[in-house]
Each structure stands twice: as structure tokens, then as C-alpha cells.
Amino acid sequence: MSKKKISLLIKARYIITDPSVEPVENEAVAVDKDKIIEIGPANKLLERYEPLKILDRTNALLMPGLINAHTHVPMTLFRGLADDLPLKKWLEEYIFPAESKLTPEKVALGTELACAEMIRSGTTSFVDMYIFEDHVAEVVDKVGLRAWIGEGLFDFPTPAFPSGYEALNETKRLYDKWRDHPRITVTVTPHTPYTCDEELLKAAIKHAEDNGLILHIHVSETQWEFNEIKFKRGLTPVQYLETLGLLRDNSIFAHCVVLEEQDIELLYRHKVKVAHCPESNLKLASGIAPIKELLLKGVDIFLGTDGAASNNDLDMFGEMDVAAKLQKGISNDPTVLPAAKVLEMATSGAAKCLGRDDLGTITPGSLADIITVELDKPHLFPCHNPISLIVYSVSKSDVRDVIVGGRILMEDKKLVTINEEDLFERVSRILPKL
Ligand SMILES: [Zn+2]
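Since the structure is predicted, the reported quantities are computational estimates derived from the model, not experimental observations.

(A) Spotlight on the packing of aromatic side chains. In total, this model carries three aromatic pairs according to the counting rule given. Centroid distance F154 to F156: 5.2 Å. Interplanar angle 40°. Geometry classified as tilted. By relative accessible area, F154 is classed as buried at 11%. Clustering of aromatic rings is evident, with ring pairs tying together F96, F154 and F156.

As C-alpha cells, then:
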């Protein structure tokens, strides 16, 4: 009997198929085109399949690629530009002025830099909100990552559009342009409940509902925002957004740091997805989101880095480690956010938040978004528990291979779709113009 030709077979020491189940040992993953087709002992798979390529990673751990729930990728250009400031001052005195000089070319360069960083640190999908997002999408298309992108809507002009309504028109155009792309999904992204007025928010939600799109917005990030909305509307930000119809199972609320008990109930009742960004909230001293309480209620949460200007990296391994320890620390309870739950918030649970059952696990039929992590290093030995190792011991530089939709984006630590030397040079050239 002739063997079936497949595109790729990866042998691994451990395979984390899904954080909620025991990892398998000494098996292999068969990939054909963009999908995972089978998992099993390599010799058995090789009896039936003829792979065009074999990656022997018998000293490595294989797992689903990480999903970054909330970021602004072009902001890598502003990494370290202004640190150690309160959010409002940081935004209004440093970030907004720097952003006012942005151009499509700068956005594309910042995006490519972010993509190089994300691939190197094992992120295969990210959810983005920024300006000139068409240029983010163009780079994503070229480098091979998977992304949810949305043009930021604001009451005030941005370098991209004179008004939020024109940015919403751009959202419509982006949707038509990218709707059939296998890796790019367009979302509707009003910036916050205090930078978008009621009418703009209503127009955004209408567009999201008419087209079945995800709506992605920052909500209750700081005490200042909470007080401001309460003063103007007599309601908390979450309650105010409920009156506008923004609470829905297709909405992503980034941050949710300052919440009242009733807000948690509302988020749960409307199945809103919360993008938790602990490092950014810590660095801007915005506070700590009540993740323990949200999880107890049953709210779906996934994990994001936020932009590189407030983090200052896009490292999801670091984010998982901080997320797990932070909730334990503030609740005096080491059982809160166990490693498997945190890993779920960056893989299978994140895919669920995005409404995707074909992502976030290593399962036959799923899209082949896969990473491998080297294990033969002192800080990763011994391996009593692969999931604990991933959350508490692995660093971004331990990632060895990255595959998205069956396409190898990094092989043995070498980027395939990005020339880093050339990229650094192109970014350096625009730095004086920032
Ligand atoms: Zn953000």
C-alpha cells in the first residue's frame, strides 16, 4: 500500500495537546497543509505517511502556539520611549504626541518588528487595535502570523482619519478586503468608553452586529476612567456600555481592572470576554484585575500583553508567569490560577474567547499553529510536570520552532519570513522621525 504524502511530521519528547489533559510522551504530530491530521508514535505514523519534511524534536516540548488577547503591535516603535508615568500623563504627554507623527510606513515597520518578536517568543495569534491597521494586516499577510485587526475609533482625529466615523468606514473597507483571508479577521475597535461618545459607540456596535464581528474595546482600565464615567453617566463603565448594547458574547473588554460586583455579574450574564493584561496594568500602576472573582463567576478570560510601550515586550511566557503569581499574591491563596488554567488562558481558552474551535489545541482537524520549546537546559531540568514548566520556568528564548497554519515561520531559531538584520536597519532609519 502506498503511503500518503503529508507536508510535515514533528517528533517531540512531550506534547501538550490541551492544558486540561495530561501531556503525551514520545509521540509525533502529523501535519498536512494547514491542519494537524494525527498524533501518535512516530514509527506508526511513518508506516502510513510520507512526510515531505521531518522535524526531530525528541528533546523538545510541542504545544499550541500562544494567543495574545490584546495588543497594539506598531507600538514596538515606542518601547522605552516614556516609562514610569501614570497612564493619563503617559498617554497624553508622550504617546499621543508620538502617535500624531505616525505614517503607514512607520506602522508597517513597527508591526514587522513586533511580528519578529512574537514569532521568537512563541506567539502565533494576536488581537490588535491601532491606526493604519490595513498596513498591520499587510505585514501579517506577508510574515504568516494569524491576527484579529481593528482600526481604532476615536472622537478626535488621528493621523489616519479625521473622525471616528471615517475610521468606521475604514473598518467596513477592511472587512471587504480581508474577509476571505485564512489568517486575518477584521474586528470593530472603539478605543474606550471615554474617547468615543455615545453615538460613535452605537454606530460601532451596529456595524459589529450587522456583520457578526467581534467588538474589541478597553474598559475600566483605571480608577480615573471609572470615576469619569460614573461622574458623567451615573453608571460604572460596564453598566454604561450595557445600556448601549455593547455587552455581548462577541465583545472583548481589555483590562477590566476596576469592577464592582454588579459589573462582574453583567460581564458573566452577557458572556463578555475579558482580555487580562497584568504586566501593563502593573507597570502603569492601574491596579490588578479581580481575576479570581471573575473566574469564580464563570467569566471567560484570556491573556494579553498590551502594547510594547506599556509592558515593555510582547512576551506571553512572561505574562503567564506574572498572571499566575499576581493573583496568588493578592488573594493570599496559592491555589488561585493554577498553571494549567493560565496556559488555557493563552491557548485553548483564548481560542474559545475568539469563537474558534479550530485553534488553541493540538488536535486532529485543528489548524497547525504549533510551537516547540527546547528542554535540554539547566533551568528546564528535570521535567516533573510539562505544564508547570511552561508557565513557571520556560522563557521566550527557549522557543525553537514556530508553525502557523502548517507553514514554518521559525525553524531551529531562525526566522524564515523576516530578515531581522535588514529589519533593524529599516527601523533604525525612521527612529529620528519618531
Ligand atoms: Zn491596550
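(B) Summary view of the coordination of the zinc ion. For the zinc ion, every protein donor is listed as H70 (NE2), H72 (NE2), H218 (NE2) and D306 (OD), and the spread of their distances is 2.1 to 2.3 Å. For the zinc ion, the four donor atoms are set out with angles of 84 to 174° between them, so the coordination reads as irregular. Sequence positions of the residues that donate to the zinc ion give the spacing H-x1-H-x145-H-x87-D. Highlighted residues: H218 in strand β11 (residues 215-219) and D306 in the loop between β14 (301-303) and α12 (316-331), separated in sequence by 88 residues.

(C) Expanded view of the pattern of salt bridges. Inspection of every chain in the model, using the stated rule, returns 41 salt bridges. The partner of R173 in a salt bridge is D134, with the nearest N and O atoms 2.9 Å apart. In this pair, R173 is assigned in helix α5 (residues 164-178) and D134 in helix α4 (residues 133-143), connecting sequence segments 39 residues apart. The exposure class assigned to D134 is buried, which follows from its relative accessible area of 9%. Residues joined in a network through salt bridges with shared partners are D134, E138, E170, R173 and K177.

Rules behind the numbers
- Residues numbered from 1 in each chain as written.
- Predicted model: local features only at pLDDT ≥ 70, side-chain atom pairs only at ≥ 80, totals over all residues.
- Heavy atoms only, no water.
- Phe/Tyr/Trp six-rings, centres within 6.5 Å; stacked < 30°, edge-to-face > 60°.
- Buried < 20%, exposed > 50% of the residue type's maximum accessible area, 1.4 Å probe, protein only.
- Donors = N, O, S within 2.8 Å, 3.2 Å for Na, K, Ca; no water.
- Tetrahedral: all angles 85-135°; square planar, octahedral: opposite > 155°, others 65-115°.
- Helix = DSSP H or I, 4+ residues; strand = E, 2+ residues; numbered from the N terminus.
- Salt bridge = Lys/Arg side-chain N within 4 Å of Asp/Glu carboxyl O.

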